[in-house]
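Observations on chain architecture
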Amino acid sequence: MDYTDSQLERYSRHILLKDVGIEGQIKISNAKVLVIGAGGLGSPALLYLAAAGVGTIGIADGDVVDLSNLQRQVIHFTEDVDKPKVLSAKEKINNLNPDVNVITYQKMLTADNILGIIKEYDFILDGTDNFPAKFLVNDACIFAKKPFSHGGILRFYGQTITIDPWKSACYRCLFIEPPPLDAVPSCSQAGVIGVMAGVLGTIQANEAIKFILEKGDLLTNRLLTFDALASKFREVSLERNPECPICGENRVINELMDYEQAACKIG
């Protein structure tokens, strides 16, 4: 593709990098990334993916902006309260980078609709904030063979891992099934330091960019955790679990299912 002079200027700092260059920027421009959840994790990820020039960005979220979101969900502003998050996020992306084609899904993803949505994308970013949604995203991506980045935050702690289906450990390799409802507090119950969303969300965006460029080492088989109070990262090496119920040797999960939702919605 041919870039205009203004596009060459916009992406000049990428093009200067020997591991990106014009060829890499073209890959970014041709890529399609779906962000599930336009909340704490999704907000910084969406902004950096858009700034990078990802050609098509999908945003899936069925919620509206709440005043309590603004402490960490930086893509939304005060005047966006009560506006659907996908529309608020799309407006900011369009203002930041008009090159980006934004596709919105103003709905909660379910076992019935998720496969039809994720099939259009190269990489999935999980910005959900409850266990039922995270297991649904994992299972759908395993079935569809879609690489994705998992992220989770609570209080002063966060974690992320990238899953390459059937090649690396998946979310169920770590956690077999969702915990009982209300067994683990949600962000609305336990709280979360706002900047944690920025730290983890930008790491997830970085994973998407590395995947698109086919450069660097993805966080596959590596769970990266961050303790904001101690300012310490920790990396835990993992392997595929042969007993995993969805990607193990004797898989028992052969269809998607919706678990009962916890208190927090996507985002």
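Details of the structure are given in the entry above.
These lines cover the structure that appears in this document, whether it is placed above or below.

1. Some details on the pattern of salt bridges
Tallied over the full model, the rule gives eight salt bridges. One salt bridge in this structure joins Asp126 and Lys134, with 3.5 Å as the shortest N-O distance. Across the pair, exposure class does not vary: Asp126 and Lys134 are buried alike. Across the pair Glu235 and Arg222 runs a salt bridge whose closest N-O atoms are separated by 3.0 Å. Placement of the pair is Glu235 in strand β8 (residues 232–237) and Arg222 in strand β7 (residues 222–227), with a sequence separation of 13 residues. Here Glu235 falls in the partly exposed class, since its relative accessible area comes to 43%. Among the charged side chains, a network of salt bridges with common partners joins Asp80, Lys83, Glu91 and Lys92.

2. Observations concerning the pairing of β8
Among the six residues that make up β8, zero are buried, leaving the element largely open to the surroundings. Bridge count between β7 and β8: six bridges; the pairing is antiparallel. What sits directly across from Leu224, in β8, is Glu235. Linkage of β7 to β8, two consecutive antiparallel strands, is achieved through a turn of four residues, within which Ser231 is found at a positive phi near 50°.

3. A few points about the packing of helix α4 (residues 42–52) against helix α5 (residues 85–96)
Running from N to C, α4 and α5 cross one another at 30°; their axes reach a closest spacing of 9 Å. One finds that α4 runs roughly parallel with respect to α5. The element α4 and its partner α5 pack so that their crossing is right-handed. Contacts between α4 and α5 involve Leu46, Leu47, Ala50 and Ala51 from the first element and Ala89, Ile93 and Leu96 from the second. Residues that form the contact of α4 with α5 fall into these classes: seven nonpolar, no polar and no charged.

4. Some remarks on α5
End to end, α5 covers 17 Å across 12 residues, agreeing with the expected 16 Å (1.5 Å per residue, within 8%). Every buried residue belonging to α5 is among Lys85, Val86, Ser88, Ala89, Lys92 and Ile93, and all of these are buried. With its buried residues spanning 160° around the axis, α5 presents them on a single face.

5. As for the packing of helix α3 (residues 21–30) against helix α10 (residues 194–213)
For the pair α3 and α10, the least separation of the axes is 9 Å and the interaxial angle reads 115°. Relative to α10, the element α3 lies roughly perpendicular. Where α3 crosses over α10, the two elements pack in a sense that is right-handed. Taking contact as the criterion, the partners of Gly24, Lys27 and Ile28 in α3 are, on α10, Ile209, Ile212 and Leu213. Per-class residue counts for the contact of α3 with α10 are four nonpolar, one polar and one charged.

6. Focus: the sheet that holds strand β5 (residues 148–154)
With mixed pairing, eight strands are arranged side by side in an open sheet as β3-β2-β1-β4-β5-β6-β7-β8. Looking at which strands have only one partner, the edges of the open sheet turn out to be β3 (101–105) and β8. Averaged over neighbouring strand pairs, the angle between their axes works out to 15° when direction is ignored. As defined by bridge partners, strand β4 (residues 123–126) adjoins β5 across three bridges and the pair is classed as parallel. Its bridge partner being in β5, Ile124 is matched across the sheet by Phe148. Its contacts with the sheet place α5 against β2 (56–60) and β3, and it is angled at close to 175° to β3.

Criteria and thresholds
- Residues numbered from 1 in each chain as written.
- Predicted model: local features only at pLDDT ≥ 70, side-chain atom pairs only at ≥ 80, totals over all residues.
- Heavy atoms only, no water.
- Salt bridge = Lys/Arg side-chain N within 4 Å of Asp/Glu carboxyl O.
- Buried < 20%, exposed > 50% of the residue type's maximum accessible area, 1.4 Å probe, protein only.
- Helix = DSSP H or I, 4+ residues; strand = E, 2+ residues; numbered from the N terminus.
- Pairing = 2+ DSSP bridges.
- Axes fitted to C-alpha atoms, helices over the stretch in contact; angles between N-to-C directions.
- Parallel < 35°, antiparallel > 145°, perpendicular 65-115°, else oblique.
- Left-handed = near helix turned anticlockwise from the far one by under 90°.
- Contact = heavy atoms within 4.5 Å.
- Nonpolar A, V, L, I, M, F, W, Y, C, P; charged D, E, K, R; others polar.
- Expected span 1.5 Å × (residues − 1).
- Arc of directions from axis to C-beta.

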